[in-house]
Amino acid sequence: MPTYVYRAVLKPHEKRPCEVCGGKDFEIVQRMADDALSQCPKCGGEVQRVITLPGLSGAGKVKKPSESSMAQAGFTQYKRCGKGYYEKSFGQGPTSLGGENPL
């Protein structure tokens, strides 16, 4: 279930002694189908949901496959050896791509 962040809606010069919504944002775990809270669960004061970035732990971390597994799958890899010049590391195809070897 996702965690939502809420913030107290305070009138000018209003302060709340509430442990939940007094002075800082607070988090509530809710189902996505649940309606957003409009009142603090402890003191009943007005609150609003704050839009935040999702917490995606581990998302976007992709493990690079090994060269041996890529070769077994039939891929060809070329590594850059100079400006516009690439040499084959493994796989089928020409031994180099691009112009003359600049080295």
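Residues numbered from 1 in each chain as written. Predicted model: local features only at pLDDT ≥ 70, side-chain atom pairs only at ≥ 80, totals over all residues. Heavy atoms only, no water.

1. Focus: the sheet that holds strand S6 (residues 96-98)
- Strand order in the open sheet made by the three strands is S4-S5-S6, with antiparallel pairing throughout. Here the strands that pair on one side only, and so sit at the sheet edges, are strand S4 (77-82) and S6. Each neighbouring strand pair of the sheet contributes to a mean axis angle of 30 degrees, computed without reference to strand direction.
- As defined by bridge partners, strand S5 (residues 85-90) adjoins S6 across three bridges and the pair is classed as antiparallel. What sits directly across from Glu87, in S6, is Ser96. (Pairing = 2+ DSSP bridges. Helix = DSSP H or I, 4+ residues; strand = E, 2+ residues; numbered from the N terminus. Axes fitted to C-alpha atoms, helices over the stretch in contact; angles between N-to-C directions.)

2. Comments concerning the sheet that holds strand S3 (residues 47-50)
- Reading across the sheet, the three strands line up as S2-S1-S3 and stay open at both edges, with antiparallel pairing between neighbours. Single-partner strands in this sheet number two, and they are strand S2 (26-29) and S3. Neighbour-to-neighbour, the strand axes of this sheet turn through a mean angle of 40 degrees, independent of strand direction.
- Pairing of strand S1 (residues 3-8) with S2, which is carried by four bridges, proceeds in the antiparallel orientation. Residue pairing in the sheet places Tyr6 in a bridge with Phe26 of S2.

3. Points about the layout of surface pockets
- Reported here for the largest pocket is a volume of approximately 200 Å³.
- Of all the secondary structure elements, the ones that give two or more residues to the lining of the largest pocket are S1 and S3.
- Of the residues forming the lining of the largest pocket, the biggest block, three residues, is contributed by S1.
- Looking at side-chain class alone, the lining of the largest pocket contains eight nonpolar, three polar and one charged residues. (1 Å grid on protein atoms, 1.4 Å probe; cavity = no way out; pocket = protein on both sides within 12 Å on 5 of 7 lines; lining within 4 Å. Points joined across faces, edges and corners; volume = space filled by probe spheres on them. Nonpolar A, V, L, I, M, F, W, Y, C, P; charged D, E, K, R; others polar.)

4. Notes on the pattern of salt bridges
- Summed over all chains, the structure comprises six salt bridges.
- A salt bridge links Asp25 to Arg7; the shortest N-O distance between them is 2.8 Å. With Asp25 in the loop between S1 and S2 and Arg7 in strand S1, this residue pair connects regions lying 18 residues apart in the sequence.
- Here Lys79 makes a salt bridge to Glu67, at a shortest N to O gap of 3.2 Å. Here Glu67 lies in helix H1 (residues 67-72) and Lys79 lies in strand S4, a separation of twelve residues in the sequence.
- Lys79 sits in the partly exposed class, given a relative accessible area of 42%.
- When its relative accessible area of 38% is taken as the criterion, Glu67 is described as partly exposed. (Salt bridge = Lys/Arg side-chain N within 4 Å of Asp/Glu carboxyl O. Buried < 20%, exposed > 50% of the residue type's maximum accessible area, 1.4 Å probe, protein only.)

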